[in-house]
Each structure stands twice: as structure tokens, then as C-alpha cells.
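Analysis of the macromolecular model
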Amino acid sequence: MAERHLVKIDRIETFLIPPRWLFCRVETDEGLIGWGEPVVEGRAEVVRSAVDVLAEYLIGEDPLRIEQHWQVLTKGGFYRGGPVLSSAVAGLDQALWDIAGQAYGAPVHALLGGPVRDRVRIYSWIGGDEPGEVADAAAAQVAAGMTAIKMNASGRLTAIPTSAEVADVVRRVATAREVLGEDRDIAVDFHGRASAAAARRILPELAPLRPLFVEEPVVPEQSHRLPDIVTASPVPIATGERLFGRHEFLAPLQAGVAVVQPDLSHAGGISEVRRIATMAETFGAVLAPHCPLGPISLAASLQVAFATPNFLIQEQSIGIHYHEGSDLLDYLVDPEPFRFVDGHLRRPEAPGLGISIDEAAVRAAARAGHTWRNPVWRHDDGSFAEW
Ligand SMILES: [Mg+2]
């Protein structure tokens with residue numbers, strides 16, 4: 001029997017590109033090219049360094065041994081976990097799945113066991129930091145055909161919210177509900193700005209507006225308060241954009257969260273998010289991947305969404321306000337895979353991640369680079385406030 005010629009990873013490059021992204025490009029000695037998006041928003045340069053270190057191991061390896069590489073990349077350095085390492089691994093994992101799809105001539109969802117749905121429901125984010133924006137932004141998404149939106153519940157929030165703050169949160173969501181009517185859905189994101197006490201006070205008041213779910217009521221370091229919040233809330237609780245592996249999802253699932261939101265560019269990539277979804281399934285929880293990032297992260301999310309039975313809805317950020325001066329479609333040869341119809345995206349059939357990256361556009365954009373940082377908020381008295 002002829003021995004299979006072993007394909008080898010030959011070159012790994014990274015590109016720091018506007019608005020706030022980092023792409024990686026993995027090339028094999030036979031010319032297969034896989035793309036990934038390893039980034040922590042606001043810390044892209046740090047993740048780039050992590051990718052450079054991990055690349056030392058990957059060069060010369062067989063790209064098709066994805067699981068073996070995932071094990072070594074996440075555990076082989078003795079110290080493990082955290083946003084930087086997990087995001088670096090995530091981007092490389094996406095690129096290896098992209099290569100595998102091309103090597104086998106199949107979309108990634110086919111390699112994950114085949115599609116379980118024909119289209120994926122998506123939602124758009126409408127802001128909400130400023131209450132005046134809500135109605136117009138919601139109306140724009142209705143006009144665009146969206147069946148669901150997500151909004152921030154508040155601006156800065158004090159640990160024990162005042163009566164005015166509680167009323168303001170309810171008013172914002174009520175404004176959106178009025179515009180969206182009963183046939184569309186609203187998800188409400190607290191961005192970790194609330195405390196458990198605040199969540200227990202506010203969520204029952206939001207319940208009559210029937211949000212699809214309420215996201216990140218507290219920061220991840222207060223996840224041990226999730227059981228109290230779930231008990232007090234008639235609204236399903238979602239969390240997970242700042243959790244980095246399946247072990248970190250166990251406690252929230254045991255607390256009773258209804259929706260897990262791992263980010264394909266943070267939580268170990270396609271390999272690990274697939275496992276997180278499976279773990280969630282045993283709790284009757286559903287997957288709604290976090291994705292405010294770029295085209296590769298979204299493409300990877302969709303591949304998982306199409307192959308995952310307990311999938312709910314996909315975030316995407318085409319036209320989001322962070323992307324001033326450049327957009328998710330700018331780096332694609334063909335934007336068609338991301339053209340939504342009736343608030344849904346259709347199943348990609350192209351091999352790998354199902355998109356074609358415009359390499360010339362990426363290389364040109366990388367010459368400008370970026371130094372994106374999130375804002376740092378303060379309360380009125382000058383103390384730090386969660387953003
Ligand atoms: Mg969020």
C-alpha cells in the first residue's frame with residue numbers, strides 16, 4: 001500500500017487589521033491555506049505573541065491531526081486556560097478546520113457529522129448604552145428583515161441600582177418591544193454591569209416584556225451567584241462570552257443557565273465550542289455563540305451552528321458601531337455567504353469554513369494595523385465602572 005504523503009504546516013502568519021481584529025493564515029507545504037481569527041478585543045497584540053509561540057510547535061506538523069494539536073496547544077505548556085492562550089488556540093483551531101475541509105473537499109459542518117438544519121437564525125446588536133438610540137436602531141433592524149435583536153440594558157449601573165436606574169432599564173427594553181412588536185425577539189445584555197442583587201431586582205420587572213434571554217447579568221468572577229439569579233429570574237439567563245473552556249461552563253450550567261454563549265475566537269475554537277454545546281445539551285441548555293468579531297469568527301460559528309442540534313441563535317455584527325471605517329464584508333472575495341434573508345443565513349456548501357478571504361485586502365489593511373481599546377468607564381464619583 002502506498003504511504004500517504006504527509007501534508008505539513010509550512011508557515012503561520014498573523015495580520016493585525018482594522019477595525020480591531022487579528023487574523024492568522026496557516027499554509028501547508030502543498031499550498032492549502034486555512035484562516036483563523038485569534039483575538040481578544042483590545043488585546044490583539046498580546047494574542048499575536050501567543051500565536052507566534054504556539055506556531056513553533058505547529059510548523060512541520062500534519063494539519064489534519066486537529067485534536068492532537070488542540071491537546072498539545074492547550075495543555076502542553078503546563079500553564080493553561082485564560083483569554084489569551086485560549087483565543088490563540090481558537091484561531092489556530094479554526095484555521096486547521098478550514099484546511100481539513102479543503103483537504104477532504106467538505107464544509108466543516110459535514111466533518112462535524114453533517115448539517116442538522118438548513119438555515120440559521122441570526123440577530124443584530126442595536127446598542128442601548130444611550131436610551132435615545134433604541135427606537136431608531138430597532139426600527140432599522142426591522143427594516144433590514146431581522147427577527148431578533150440584542151440590546152444593552154443600561155449604561156453604567158451602580159451595584160445597588162437606584163429606582164431611576166431600574167426604571168431606565170425597563171423603559172429601554174419596553175421601547176424596543178414597542179418597535180419590534182410581538183413577532184420579533186429581544187435579547188438583553190447586561191455586559192456584566194449588574195450585581196446579583198441588581199439582577200434579582202431588575203429581571204422580574206423585565207419579565208413582562210418577554211426577553212428571549214438576559215445575558216451576563218454579572219461578571220464571570222461572580223458566576224457563583226448565578227444560582228440565586230436563575231432562581232429569581234423568570235427570564236432565561238445566558239452567559240459565556242468570557243468563559244474559555246468546557247470546564248468553565250460546568251458551574252453556570254449546574255446553576256441553571258438556559259443559554260451558553262462561548263465565542264468561537266475565545267473558547268478554544270470549533271473543537272471546544274462543539275464540546276461545550278454537547279455538555280450544554282445534557283443540561284437541556286442551548287448554544288448561542290457570541291460573535292461581535294470578524295468574518296472568520298462568524299464563519300466558524302456558523303459551521304458549528306449548522307451541525308449542532310441544541311443551537312438557538314447566532315450573533316453577528318455586520319455593520320456594528322465598533323467597525324467604524326471597515327466592515328466584516330470588506331475582507332471577503334464574495335460577501336454572498338453572509339447575505340441574510342428573512343433574518344437567517346443559508347447553509348454554506350463551500351469546503352472548509354465556507355468563505356474566501358481577500359488576501360490582498362488583508363495584507364493591505366495590515367499595513368495600517370490598529371490599536372483598538374475598549375472604553376474605560378467611570379461612575380459620577382470617579383470610581384471605575386464596568387463597561
Ligand atoms: Mg455580551
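As the structure is a prediction and not an experimental result, all values here were calculated from the model.

1. Quick notes on the overall build of the protein chain
Across its full length, the protein chain holds 12 helices and 14 strands. The globule rule puts the C-alpha radius of gyration for 387 residues at 21 Å, and the 21 Å found for the protein chain is close to it. Considering the protein chain as a whole, with its 387 residues, one finds that 49% of them fall into the buried category. Within the protein chain, contacts between residues separated by at least 24 positions form 71% of all contacts whose residues are at least 6 apart in sequence.

2. With respect to the pairing of strand E2 (residues 21-28)
Here strand E1 (residues 9-17) runs beside E2; their pairing, made up of 8 bridges, is antiparallel. When the sheet's bridge partners are listed, Ile17 is paired in E2 with Trp21. Where E1 hands over to E2, the hairpin turn is made up of 3 residues, counted between the paired strands. Here E2 runs beside strand E3 (residues 33-36); their pairing, made up of 4 bridges, is antiparallel.

3. Details of helix H3 (residues 82-104)
Its 23 residues place the ends of H3 32 Å apart at the C-alpha level, agreeing with the 33 Å of an ideal helix rising 1.5 Å per residue. Most of H3 sits inside the fold, with 18 of its 23 residues counted as buried. Gly105 lies just past H3 and shows a positive phi near 65°.

4. Notes on unusual backbone geometry
Cis peptide bonds are those with omega within 30 degrees of zero, and the linkage from Pro18 to Pro19 qualifies with 5°. Summarising the element assignment, Pro19 is placed in the loop between E1 and E2. Phi at His191 is positive, roughly 55°, even though this residue is not glycine. Relative to the helices and strands, His191 is located in the loop between strand E6 (185-189) and helix H7 (196-206). On the basis of neighbour counts, which here come to 19 C-beta atoms within 10 Å, the residue His191 falls in the partly exposed class.

5. What to know about the UniProt feature "domain: Mandelate racemase/muconate lactonizing enzyme C-terminal" (unreviewed entry) in the protein chain
Per the UniProt record, "domain: Mandelate racemase/muconate lactonizing enzyme C-terminal" (unreviewed entry) is found at residues 131-236. Across residues 131-236, helical content stands at 43% and strand content at 12%; the span's end C-alpha atoms are separated by 23 Å.

6. Remarks on the sheet that holds E1
Strand order across the open sheet formed by 3 strands is E1-E2-E3, with antiparallel pairing between neighbours. Because the sheet does not close on itself, it has two edges, and the strands there are E1 and E3. Taking each pair of neighbouring strands and ignoring which way they run, the sheet shows an average axis angle of 20°. Set on the sheet, helix H1 (residues 44-58) makes contact with E1 and E2; between it and E1 the angle comes to about 180°.

7. Let's talk about the packing of H3 against helix H10 (residues 269-281)
Two quantities define a packed helix pair, namely the angle between the axes and the distance from one axis to the other. One way to put it is that H3 packs onto H10 with a least axis distance of 6 Å and a crossing angle of 100°. Here H3 is positioned roughly perpendicular relative to H10, judged by the angle of their axes. Contacts between H3 and H10 involve Val89, Ala90, Asp93, Gln94 and Trp97 on the former and, on the latter, Gly269, Ile270 and Ser271. For the contact of H3 with H10, the residue count by class is 4 nonpolar, 3 polar and 1 charged.

8. Overview of the pairing of strand E4 (residues 119-125)
Counting buried positions along E4 yields 6 of 7 residues, so the element is predominantly enclosed. Pairing analysis gives 3 bridges linking E4 to strand E12 (residues 344-346), with the strands arranged antiparallel. Bridge pairing links Arg119 to Arg346 in E12. Sheet topology note: the E4/strand E11 (residues 314-315) ladder contains 2 bridges and is parallel. When the bridges of E11 are listed, Ile122 appears paired with Gln314.

Each value, and the rule that gives it
- Residues numbered from 1 in each chain as written.
- Predicted model: local features only at pLDDT ≥ 70, side-chain atom pairs only at ≥ 80, totals over all residues.
- Helix = DSSP H or I, 4+ residues; strand = E, 2+ residues; numbered from the N terminus.
- Rg over C-alpha atoms; globule rule 2.2 N^0.38 Å.
- Buried ≥ 20, exposed ≤ 12 C-beta atoms within 10 Å, placed from the backbone.
- Contact = placed C-beta atoms within 7 Å.
- Pairing = 2+ DSSP bridges.
- Expected span 1.5 Å × (residues − 1).
- UniProt positions renumbered as here; feature names shortened; annotations may be inferred.
- Axes fitted to C-alpha atoms, helices over the stretch in contact; angles between N-to-C directions.
- Parallel < 35°, antiparallel > 145°, perpendicular 65-115°, else oblique.
- Nonpolar A, V, L, I, M, F, W, Y, C, P; charged D, E, K, R; others polar.

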